[in-house]
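Breakdown of the fold
Here are the chains, one letter per residue:
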Amino acid sequence: MSRRTLAVVSAGLSQPSSTRLLADQLAAATGDELAGRGEQVDVHHIDLREHAHDVVNHLLTGFPSESLRAILDTVTGADGLIAVTPIFNASYNGLFKSFFDLIEAEALVDRPVLIAATGGTARHSLALEHTLRPLFAYLHAVVVPTAVFAAPEDWSGGAAEGALRARIERSAAELAEQVHRRPPSTGPADPFALTTNFEDLLGRRDT
């Protein structure tokens, strides 16, 4: 039995947040699917609302705070990622985009990702395909086929019902399978690690 890490990024701005609620249910369903495959799971929830000032400061200065560095390492070092955003004006919100602008270009290569969103109307569901999926495709992540959108009418007493529950379970199974078939993550890449030897850096090698 191996141990897996799951990073769950939620960009909801309100408290309580339907975006965080959806993220929690996706994380729980994915955890159950991984457990059913014999995996132990550590789930790390990241509410971007709590780190908004650090995100903006990093964009302005180029240097992350200690707490933001830890969060970036959690995301880039996880075996799988769940990314959930509210939809504003037919796209992800600014906080969500700003956070993922801080991710190094190669940090999510081949990383399984489940994308999800909430919005005030089901018409916003298309934003998953024309904004979120291209974002993670650019980062060379592996986005699972089933994206999940939740409109207000999909919730019943704070619980996902009907078609929403079915999509949560299907997408969770897809993410769990992608995570399960890969070797466990060794953590975030070391930005100072040498990728070649000293002789190659000098452009010569003794023969």
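Preceding this section is the structure that the text describes.
Since the model is a prediction, treat every value here as computed from it, not as a measurement.

Observations concerning the overall build of the protein
- A tally of regular secondary structure across the protein gives seven helices and nine strands.
- Sorting the 207 residues of the protein into buried and exposed places 44% on the buried side.
- Pairs at least 24 residues apart make up 81% of the contacts formed inside the protein by residues separated by at least 6 positions.
- For the protein, the computed accessible surface area is about 10,700 Å², with 53% contributed by carbon and sulfur atoms.

Topic: the nonpolar core
- Formed by 37 residues in total, the largest nonpolar core has its most connected members in V75, L81, F96, F99, F100 and F136.
- Contributing elements (two or more residues each) for this core: β1 (3-10), α3 (66-77), β3 (80-88), α4 (94-101), β5 (112-118) and α5 (127-138).
- In terms of residue count, the dominant contributor to this core is α5 (five residues).
- Contacts of F99, omitting those with residues within four sequence positions, involve V9, L48, V55, L68, I71, L72 and V75.
- Counting residues in hydrophobic clusters, the runner-up holds 21 residues, among them A27, L34, A172 and L175.

Points about the pattern of salt bridges
- Considering all chains together, one arrives at eleven salt bridges under this definition.
- In this structure, the salt-bridge partner of R20 is D47, at a minimum N-O distance of 2.6 Å. Of the two residues, R20 is situated in helix α1 (residues 18-36) and D47 in strand β2 (residues 40-47); the sequence distance between them amounts to 27 residues.
- The exposure class assigned to R20 is partly exposed, which follows from its relative accessible area of 24%.

Each value, and the rule that gives it
Residues numbered from 1 in each chain as written. Predicted model: local features only at pLDDT ≥ 70, side-chain atom pairs only at ≥ 80, totals over all residues. Heavy atoms only, no water. Helix = DSSP H or I, 4+ residues; strand = E, 2+ residues; numbered from the N terminus. Buried < 20%, exposed > 50% of the residue type's maximum accessible area, 1.4 Å probe, protein only. Contact = heavy atoms within 4.5 Å. Areas by Shrake-Rupley, 256 points an atom, 1.4 Å probe, with all protein chains shown as cover. Core = buried A, V, L, I, M, F, W, Y, C linked by side-chain atoms within 4.5 Å. Salt bridge = Lys/Arg side-chain N within 4 Å of Asp/Glu carboxyl O.

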